[in-house]
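# Tertiary structure, described
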Amino acid sequence: MTATLIYCYDPMCSWCWGFRPTWTKLQKALQHLIDVNQLTIQPMLGGLAIDSDVAMPEEMKAKLEGTWKHIQSTLGTEFNFDFWKTAAPRRSTYPACRACYVARDIGLEEEMYHAIQEAYYLNAKNPSDLDTLIACAEQIGMNADGFQKTMQHVKNERLLEEEIEQARHLGLNSFPSLALLIGDKLTPIPLDYKDHSSMLTAIKKALS
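The rules behind the values
- Residues numbered from 1 in each chain as written.
- Predicted model: local features only at pLDDT ≥ 70, side-chain atom pairs only at ≥ 80, totals over all residues.
- Heavy atoms only, no water.
- Core = buried A, V, L, I, M, F, W, Y, C linked by side-chain atoms within 4.5 Å.
- Buried < 20%, exposed > 50% of the residue type's maximum accessible area, 1.4 Å probe, protein only.
- Helix = DSSP H or I, 4+ residues; strand = E, 2+ residues; numbered from the N terminus.
- Pairing = 2+ DSSP bridges.
- Axes fitted to C-alpha atoms, helices over the stretch in contact; angles between N-to-C directions.
- Parallel < 35°, antiparallel > 145°, perpendicular 65-115°, else oblique.
- Left-handed = near helix turned anticlockwise from the far one by under 90°.
- Contact = heavy atoms within 4.5 Å.
- Nonpolar A, V, L, I, M, F, W, Y, C, P; charged D, E, K, R; others polar.

### Here's the deal with the nonpolar core
Nonpolar side chains in soluble globular proteins tend to end up buried together. Core analysis: the largest hydrophobic core is formed by 66 residues, its most contacted members being Leu5, Met112, Met142, Phe147 and Leu178. Element by element, the count of residues in this core is highest for helix H4 (residues 94–104), at 8 residues.

Written out as structure tokens, the structure reads:
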């Protein structure tokens, strides 16, 4: 039986950005299990914040900027703090999540995820804005018109909301989250943001 490692994330979650180097190492360390069909990795979108056109309150902006500073000091993660001076933040991550959902259909989910993260955290662009997401889509080789049409379809059909409900049903309520599904048994994998080895050990133990 092939096990499934579920990676629950939000492309605008700063802790997901901080986790990215360690997650990349873990994926590489698991590749041999993927190659022999013992394991598959399934990304799942968590959805931090619903669609909104409301400007982010100053108190929340200060709180999130503080979170970035905490992650930077704890993990050494790079952030471009100009975002808080030049952008018009909104508490709305569903559009960025939909962009990843759309890219998944053509095998570019991870590329879209990374393009959004880099636009946001390194280039001070706002992924709550459709223009930013279209630029990310074009950057990874997607057609802008097709991307916009599919984004609207995913929104109209509430496909993202269905996936978020599935994540909640599995108890994946924080981002990032890892859980190993073997048959109908779900085993949460405790995260280590600095070292992938303990997660690798936990996954191998659950598989055995």
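### Some thoughts on the sheet that holds strand E4 (residues 185–188)
The strand order E2-E1-E3-E4 describes an open sheet built from 4 strands, whose pairing is mixed. The open sheet terminates on both sides in strands that have one partner only, identified here as strand E2 (39–45) and E4. The sheet shows a mean angle of 25 degrees between the axes of neighbouring strands, taken without regard to direction. In the sheet, strand E1 (residues 3–9) pairs with E2 via 7 bridges, with the strands oriented parallel. In the strand pairing of E2, Ile6 is matched with Gln42.

### Some details on the packing of H4 against helix H7 (residues 144–156)
Between two packed helices, the angle of one axis relative to the other and the distance separating the axes together describe the packing. Direction vectors running N to C along H4 and H7 enclose 110 degrees, while the axes themselves pass 9 Å from each other. Regarding the angle of H4 to H7, the classification is roughly perpendicular. Taken as a pair, H4 and H7 cross one another with a handedness that is right-handed. In this structure, H4 uses Pro95, Arg98, Ala99, Tyr101 and Val102 to contact H7, whose residues at the interface are Phe147, Thr150, Met151, Val154 and Lys155. For the contact of H4 with H7, the class distribution of residues is 7 nonpolar, 1 polar and 2 charged.

### Re the side chain of Thr132
As for its position among the elements, Thr132 is in helix H6 (residues 130–139). The contacts of Thr132, once residues within four sequence positions are left out, are Ala119, Lys125, Asn126 and Pro127.

### Focus on the environment of Phe83
Assignment of secondary structure puts Phe83 in helix H3 (residues 83–86). Separated by 43 residues in the primary sequence, Phe83 and Asn126 have C-alpha atoms spaced 7.9 Å apart. Beyond its immediate stretch of four places on either side in the chain, Phe83 contacts Trp68, Pro89, Tyr120, Ala124, Lys125 and Asn126.

### Quick notes on unusual backbone geometry
A cis amide bond links Phe175 with the next residue in sequence, Pro176, at an omega value of -5 degrees. Note that Pro176 resides in the loop between helix H8 (159–169) and strand E3 (177–182). Residues other than glycine seldom take positive phi values, yet Asn37 does so here, at roughly 60 degrees. Within the fold, Asn37 resides in the loop between helix H1 (14–35) and E2. Residue Asn37 is classed as exposed on the basis of its relative accessible area, which comes to 56%. Of note, the phi angle at Ala124 is positive, near 60 degrees, even though the residue is not glycine. Within the secondary structure, Ala124 is located in the loop between helix H5 (109–122) and H6.

Shape is all these values report; function is a separate question.
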